[in-house]
Each structure stands twice: as structure tokens, then as C-alpha cells.
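The lines below spell out each chain.
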Protein chains: 2
Amino acid sequence: MDFSKQRLGQLIVVSGPSGTGKTTLARKVCDRGEAVFSVSCTTRAPRPGEVDGKDYFFLTEEDFLARVERGELFEYARVHGRLYGTLKSYVYENLQRGVDVIMDIDVQGAMQVRACEDDLVKRCLLEIFVMPPSLDELRNRLSGRATEDAAAFELRMQNAAAEMEHWRKYGYVLVSGTREDDARRFDAILEAGRMRTSLW
Amino acid sequence: MDFSKQRLGQLIVVSGPSGTGKTTLARKVCDRGEAVFSVSCTTRAPRPGEVDGKDYFFLTEEDFLARVERGELFEYARVHGRLYGTLKSYVYENLQRGVDVIMDIDVQGAMQVRACEDDLVKRCLLEIFVMPPSLDELRNRLSGRATEDAAAFELRMQNAAAEMEHWRKYGYVLVSGTREDDARRFDAILEAGRMRTSLW
């Protein structure tokens, strides 16, 4: 066995309610060049400045649905009438080049990725649920930033509580504490993950 | 889910040829109080200064074999006529109190632990193979310390090569580099391991 031989990248799925800082954690790793964010595909029109293949892969509804039919997507969902999803091709090319790919997705999307039977996914998958220390603490963190009305806020809290029920399905749970400690522990999960024998 | 509730400890199995520094890595973790070494049991007589329950659990041959019969041992082997092994009770009590236990054992012992069907072991097991960067490099590292003759040295190299064939059966492989880097990566595996959802 030659360990200098390229190992596979990791498919890092990060979920958790907003307010836990999960996106910030993921972004820091990408900013350091240690992983790339997964680029989603969508049927919505590009907004000014958005670049095809960087912000999104922009697809027609017909093309999107044909790809779903052919099993080319990991996961997808319709939101406000538009389709959003993740193309396997983008993810697999990176994994095969040894590049870690981060998917910042909700528990429904994660469930679809987890259900994928492809050998590459089974070998590379690393699932992290970022958990607020408690619902009360999440309430504190979210109330500071919210510019929404009370009803919308309560709905967000209910959604968070519902998401949090799914933590056990993930391989790892990171219970959020201080920002520094969270970053250190997130990095430890990724660094350890790169030494998994399944990646060779 | 209350995450302040005691999680289980990890059963950390460390294998790899001598000369990779695996025992030093494990000892540092124990010295910091983050894990305890598994205490083996044996039928050999205590040497001067050895304490029962600390250095070994000293058992009679009859008692040892009766315990094997009752399934109380994870793994055991006869070496130079004496029996050596690991009692489940010692390991399980620590895991249930949330204390990580390190077993520094060879690939045969690890295979026996891996074969254990107990739910607690399945949930807590963390297997690390510490790998020399190459056989040539291992030869360099071992030749410096050896006070043995050439034939004994070659036998040790052959055993190392045979052990190294088993790396894929472990969850993690740490390819040894510098001492500092090895320690950092070993700690990352342990720290990440403590966030595995299976421990709750």
C-alpha cells in the first residue's frame, strides 16, 4: 500500500438549525482551501452577478427533471416553485481528485444523501449535526439577529426543534459552545475523517 | 436529548509495528488524564514492585481459563507458556462511566475485540492503526534502537511487514510523520471520536 497514493476526498454533510454557526464553520474550512462547497443546481433564473457553475448550475426545468429521472442527483427539493438539488457529477469529480466537498443541507437533504447506494458515497460520507446547547440558548442566539415578527420567529423555533430530533442519524454531533471551541472541534472531525481507511 | 448527560467512553484500540511510536502516543493521552490504559490479566507471577489491579490482574491458570469459558475476556493469548488477556469487566466499567480506555494490542488481539458482539463494544470501538511511512523508514527507526543480532532484527522486520497488511481492518490509519504531527493527528482522532453519536 502506497499512502502517498491519492486518497478520496470526503463528502461532508453539515446540518443543524440556523443560529448554531454551522455555515460559518464550513466557510472557514473552504476559505483555508481544505474543502470546496458543493455547488447546487437550480431552475430559478440567475440573479445579477451570479455565475453559472460557481454560484449555481442553472438548469431548465426539463433538463433538471430529466437528470432526476436518470439518477444524476443526490437530493433535490422544490422551494417556492423552483427546483434545487445537488448533481452527483460535481461531487464525485472532486471526491475522486481527493478534494473534500461540503454540503450545507437540511435534514431532508441529508436523508437523501444517506440513502444513496453508491459505493463512493458510502466510503466518503462524513455527517455532522451542529447542535445548539439547548432550545433556550438557540432562542437567545436567534432573537438577537431577527428582524421578523413574533409569529415568524416562533415558526423558526419550531422548525429548529423539529430538525434537532434528527441528530442521531448523523455520525457526529457537535454541541455548540464558544466559537473558538466549535471551530477547533469541527476541524478535528474533518482531520480525523481524512484518516479513515475507507478513503483509500 | 440532554447532552450534559454522561456519554459513554471510547474503546480505543491502537495497533501497529513497534517503531511507529504508538505506545508513546497512547501514553501521552493517558498522562493528560484523557484516557486510561487497559489493565491486562495474566497467569504469570508478579515481578517485584508490580501491583495487582494496576500493572496486571494476576490470576491463576484455573481462574483465567474459567473466565475465558464464561466469555469474560475480550481477547487472550498464550505467550511463553503464560496466559495474557483483557477482562471485559474492567473495560466496560470505564466505558459506562464515560472514561476512554486504550488497548495497545497487536492485530490478533484487535481481531478478537472486533469480533465481540456486545452492543457496548460496537458503540464505543475506535480502531487506529499506526503505520510507518514505509518499510525502509521503519528499518531506519528500528536499527537505531536495536541491541539484537541481525537474524532477530530481520525477524522483527518480517513481523512488522506482516502486521502492516492488516491496516484496512481498522477504522483509522495514521501514517507516522514527525512526532508533533503524529500527536496532533492522534488527538484529533480521539477528540472527533468523542463526538460520535453512537456514544449517547
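Predicted model only: the values in this text are computed from it and were never measured.

Bringing the interface of chain B and chain A into the picture now. On the side of chain A, 21 residues touch chain B, which itself brings 21 residues to the contact. Taken together, the two surfaces of chain B and chain A that pack against each other cover about 2100 Å², and 66% of this comes from carbon and sulfur. The three residues of chain B that bury the most area against chain A are Phe3(B), Met195(B) and Thr197(B), which together make up 31% of that side's buried surface. Its salt-bridge partner being Glu191(B), residue Arg184(A) comes within 2.6 Å of it at the nearest N-O pair. Here chain B is connected to chain A by eleven residue pairs in polar contact (both at pLDDT 80 or more).

Here we take up the UniProt feature "binding site: ATP" (unreviewed entry) in chain A. All names here are of chain A. UniProt's entry tags Gly16, Pro17, Ser18, Gly19, Thr20, Gly21, Lys22 and Thr23 with the feature "binding site: ATP" (unreviewed entry), counted in the numbering of this structure. Here threonine 20 lies in the loop between β1 (11-15) and α1 (22-31). Non-local contacts of threonine 20, meaning those with residues more than four positions away in its chain, are made with Val130, Met131, Pro132, Arg141, Ser176 and Asp182. Along the chain, lysine 22 falls in helix α1. Judged by relative accessible area, lysine 22 falls into the buried class, the value being 12%. Each residue touching lysine 22, except ones within four places of it in the same chain, is listed here: Val14, Ser15, Gly16, Pro17, Asp104 and Val130.

Here we take up the environment of Leu87(A). All names here are of chain A. With respect to the secondary-structure elements, leucine 87 resides in strand β6 (residues 82-87). Each C-alpha atom of the pair leucine 87 and arginine 70 lies 11 Å from the other, and the pair is 17 residues apart in sequence. Non-local contacts of leucine 87, meaning those with residues more than four positions away in its chain, are made with Cys41, Phe57, Arg67, Glu72 and Leu73.

For the rest of this paragraph, the subject is the relation of the copies chain B and chain A. Aligned on chain A, chain B shows an RMSD of 0.0 Å; the corresponding rotation is 180° and the shift along the axis is 0.0 Å. Read as a symmetry element, the transformation amounts to a two-fold axis. For chain B, the smallest separation between a C-alpha atom and the rotation axis is recorded for Ala188(B), amounting to 2.4 Å. Interface overlap between copies: 100% of the residues of chain B at the interface are likewise at the interface in chain A, consistent with a symmetric, same-surface contact.

Another point: the packing of aromatic side chains. Residues and elements named next belong to chain A. Evaluation of the coordinates by the stated rule reveals 14 aromatic pairs over all chains. Between the aromatic rings of phenylalanine 57 and tyrosine 90, the centroid separation amounts to 5.7 Å while the plane-to-plane angle is 65°, which identifies the pairing as edge-to-face. Highlighted residues: phenylalanine 57 in strand β4 (residues 56-58) and tyrosine 90 in helix α3 (residues 88-96), separated in sequence by 33 residues. Owing to a relative accessible area of 18%, tyrosine 90 belongs among the buried residues under this scheme. With a centroid separation of 5.2 Å and an interplanar angle of 65°, the aromatic rings of phenylalanine 129 and tyrosine 170 are classed as edge-to-face. Of this pair, phenylalanine 129 sits in strand β8 (residues 125-131) while tyrosine 170 sits in the loop between α7 (150-164) and β9 (172-175); the two residues are 41 residues apart in sequence, bridging distant segments of the chain. Judged by its relative accessible area of 0%, phenylalanine 129 falls in the buried class. Taking relative accessible area as the criterion, tyrosine 170 reaches 2% and is therefore assigned buried. Feature note: the residues Tyr56, Phe58 and Tyr84 constitute an aromatic cluster, connected by ring pairs.

About the thresholds
Residues numbered from 1 in each chain as written. Chains lettered and ligands numbered in written order. Predicted model: local features only at pLDDT ≥ 70, side-chain atom pairs only at ≥ 80, totals over all residues. Heavy atoms only, no water. Contact = heavy atoms within 4.5 Å. Buried area = accessible area lost by both parts, 1.4 Å probe. Salt bridge = Lys/Arg side-chain N within 4 Å of Asp/Glu carboxyl O. Polar contact = N/O pair within 3.5 Å; in protein donor to acceptor, adjacent residues only side chain to side chain. UniProt positions renumbered as here; feature names shortened; annotations may be inferred. Helix = DSSP H or I, 4+ residues; strand = E, 2+ residues; numbered from the N terminus. Buried < 20%, exposed > 50% of the residue type's maximum accessible area, 1.4 Å probe, protein only. Least-squares fit on C-alpha atoms with pLDDT ≥ 70 in both. Phe/Tyr/Trp six-rings, centres within 6.5 Å; stacked < 30°, edge-to-face > 60°.

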